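Below, each chain spelled out in residue letters.
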Amino acid sequence: MSLPAVLLAAGSSPSPTPSGSPTPAVPTLQDAQESATNAASWVEQNWSTWLATGLKVLLILVIAVVLRRVVLRAITKLIDRMNRTVESGEGTALGGLLVNAERRRQRSQAIGSVLRSVASFVILGTAALTVLSAFQINLAPLLASAGVAGVAIGFGARNLVTDFLSGVFMILEDQYGVGDTIDSGVASGEVVEVGLRVTKLRGASGEIWYVRNGEIKRIGNLSQGWATAGVDVTVRAGEDLDRVRATLDEVAEKMTKEEPWNEVLWSPIEVLGLDSVLIDSMVVRVSAKTMPGKALTVERELRWRIKRAFDAAHIRIVGGETAVLLDEETPDGTSGVAAPSAFSDSDSPQVAATTPIASPRSASAGR
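Keep in mind that this is a model prediction, so the values were computed, not measured.

Cut-offs and rules
- Residues numbered from 1 in each chain as written.
- Predicted model: local features only at pLDDT ≥ 70, side-chain atom pairs only at ≥ 80, totals over all residues.
- Heavy atoms only, no water.
- Phe/Tyr/Trp six-rings, centres within 6.5 Å; stacked < 30°, edge-to-face > 60°.
- Lys NZ or Arg CZ within 6 Å of the ring centre and 35° of its normal.
- Pairing = 2+ DSSP bridges.
- Helix = DSSP H or I, 4+ residues; strand = E, 2+ residues; numbered from the N terminus.
- Axes fitted to C-alpha atoms, helices over the stretch in contact; angles between N-to-C directions.
- Contact = heavy atoms within 4.5 Å.
- Patch = residues over 30% accessible without salt bridge, like charges linked within 9 Å, V, L, I, M, F, W, Y side chains within 5 Å.
- Areas by Shrake-Rupley, 256 points an atom, 1.4 Å probe, with all protein chains shown as cover.
- Salt bridge = Lys/Arg side-chain N within 4 Å of Asp/Glu carboxyl O.
- Lys, Arg positive; Asp, Glu negative; His and termini not counted.
- Charge placed at Lys NZ, Arg CZ, Asp CG, Glu CD.
- Core = buried A, V, L, I, M, F, W, Y, C linked by side-chain atoms within 4.5 Å.
- Buried < 20%, exposed > 50% of the residue type's maximum accessible area, 1.4 Å probe, protein only.
- Parallel < 35°, antiparallel > 145°, perpendicular 65-115°, else oblique.
- Left-handed = near helix turned anticlockwise from the far one by under 90°.
- Nonpolar A, V, L, I, M, F, W, Y, C, P; charged D, E, K, R; others polar.
- 1 Å grid on protein atoms, 1.4 Å probe; cavity = no way out; pocket = protein on both sides within 12 Å on 5 of 7 lines; lining within 4 Å.
- Points joined across faces, edges and corners; volume = space filled by probe spheres on them.

> In this structure, what is going on with the packing of aromatic side chains? I would like to understand it.
Centre-to-centre distance and the angle between the planes together describe a pair of aromatic rings. All told, the structure shown has zero aromatic pairs when counted by the stated rule. Here Lys289 stacks its cationic end above the ring of Trp226, 4.2 Å away from the centre of that ring.

Next up, the structure:
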């Protein structure tokens, strides 16, 4: 090999550096200018798309916020109008009896809370999905995942969902409210608070019952409309019915005209007639329509007055179907005589008093 060839080969191979690594290439001004030109061209090509997307997202958010505020304000005005209607109804005499301000207030608040929550969820949820679609995000996997999660949550919290939905329909249908006396099947008492999940009842002994709305299968409201007070009066079968009716009519007329029973009673007290007739007794039925929740009070007062009136008229009230009635004018002569003993004298007066009386037929046959 010639010397020029050796020198050419040695010059073409890079000489090793002390560190053993090649030196990094330093970008030149031309490279920087080329990169800036590419970035500017990319921005120039996409700035219109970015601007359109940003304006679209901003418009969606503005519309969602404005629409939510308008809807919430409309719901608030509707609830306020309901409360004003209730307050105006309390000024009348009949409205004071039928309208419970606390009940209506809690019902309106619950309805307003439900409507606000539903409106906010629908408006904001729709806005969020629209924003995601504006960024060219595929919503199909997201909606599928949300559906699966909703089904899983629904199975896991089905009792909670059932309680919530039952509470919503109970409030919307106004099945009961604060101050009502109800029988919910699992518990009975006066309604203290009505919630979307739980209803509070105060029992007859003062206890508080927490009843889940989903467990209530039937409801008996004892405070709506009117109540019926009924009293059964049991007298002897030999009593004069005209005299009994006249005494009951007198008691009914007197009670209807007195305070405060003239406001509690919503119809005249009626003597309905004989409810049943037995061998030794008969039952007379007395009934009246009263204010809701006052039936028991009217029944107690009516029994009190009927007992006093019957005592004054010497009409005897007996104890029911199994009552044994004895004639006061012909007392039993053997009631004070002791039972005969096996060691007693057969000729004693006690034995003679307990001897059965022979029937007329057997006496005539002996003759």
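> Sorry, what's going on with the sheet that holds strand 1 (residues 181-183) here?
Paired through backbone hydrogen bonds, the strands of a sheet run either parallel or antiparallel to each other. Read across the open sheet, the five strands follow the order 4-3-2-1-5; overall the sheet is antiparallel. The open sheet has two edge strands, strand 4 (208-212) and strand 5 (220-221), and neither has a second partner. Judged from the five bridges that link them, strand 3 (residues 198-202) and strand 4 form a sheet pairing that is antiparallel. Opposite Leu201, over in strand 4, you have Trp209 as the bridge partner.

> Looking at this structure, I do not really get the sheet that holds strand 6 (residues 227-236). What am I missing?
An order of 6-8-7 is seen for the three strands of this open sheet, with the pairing classed as antiparallel. Looking at strand neighbours, the two that pair on one side only are strand 6 and strand 7 (270-277), the edges of this open sheet. For this sheet the average axis-to-axis angle between neighbouring strands, irrespective of direction, equals 25 degrees. Across six bridges, the pairing between strand 7 and strand 8 (residues 281-290) is antiparallel. When the bridges of strand 8 are listed, Ser276 appears paired with Val283. Contacts from helix 7 (residues 241-257) reach strand 7 and strand 8, with the element oriented near 140 degrees to strand 7. Running at roughly 25 degrees to strand 6, helix 9 (residues 295-312) makes contact with strand 6 and strand 8 of the sheet.

> Hey, could you run me through a positive patch on the surface in this one?
Side chains of Arg68, Arg69, Arg73, Lys77, Arg81 and Arg84 sit close together on the surface and give a patch of like positive charge. Position of Arg84 among the secondary structure elements: in helix 2 (residues 29-89).

> Help me understand unusual backbone geometry in this model?
Most peptide bonds take the trans form, and the phi angle of most residues other than glycine is negative. In this chain, Glu259 is followed by Pro260 through a cis amide linkage whose omega measures -5 degrees. Examined against the element boundaries, Pro260 turns out to sit in the loop between helix 7 and helix 8 (261-264).

> It is not clear to me how the nonpolar core should be interpreted in this structure. Could you clarify?
In globular proteins that are soluble, nonpolar side chains generally tend to be buried together. In terms of nonpolar packing, the biggest core is built from 26 residues, with Leu248, Ile269, Val298, Leu302, Ile306 and Phe310 touching the most fellow members. At the level of secondary structure, the elements contributing two or more residues to this core comprise strand 6, helix 7, helix 8, strand 8 and helix 9. For this core, the leading source of residues is helix 9, giving six residues. Apart from residues lying up to four places away in sequence, Phe310 is in contact with Val233, Val235, Val244, Thr247, Leu248, Ile315 and Ile317. By size, the runner-up hydrophobic cluster in this structure holds 12 residues, among which are Met170, Ile182, Ala187 and Ile216.

> Looking at this structure, how should I read the packing of helix 7 against helix 9?
In the contact formed by helix 7 and helix 9, the axes pass within 10 Å of each other and the chain directions differ by 130 degrees. Our classification of the angle between helix 7 and helix 9 gives oblique. Crossing of helix 7 over helix 9 shows right-handed handedness. Counted together, Val244, Thr247, Leu248, Val251, Lys254 and Met255 of helix 7 and Val298, Glu301, Leu302, Arg305, Ile306, Ala309 and Phe310 of helix 9 form the full contact between these two elements. Per-class residue counts for the contact of helix 7 with helix 9 are nine nonpolar, one polar and three charged.

> Quick question: what am I supposed to make of the layout of surface pockets here?
A probe matching the size of a water molecule, rolled over the atoms, marks out where space remains unfilled. Size it by volume and the second largest pocket reaches roughly 250 Å³. What lines the second largest pocket is Thr247, Glu250, Val251, Lys254, Glu301, Trp304, Arg305, Arg308, Ala309, Ala312 and Ala313. Going through the elements one at a time, helix 7 and helix 9 are the ones with two or more residues in the lining of the second largest pocket. Among the elements that take part in the lining of the second largest pocket, helix 9 stands out by supplying six residues, more than any other. Of the residues that constitute the lining of the second largest pocket, the class distribution is five nonpolar, one polar and five charged.

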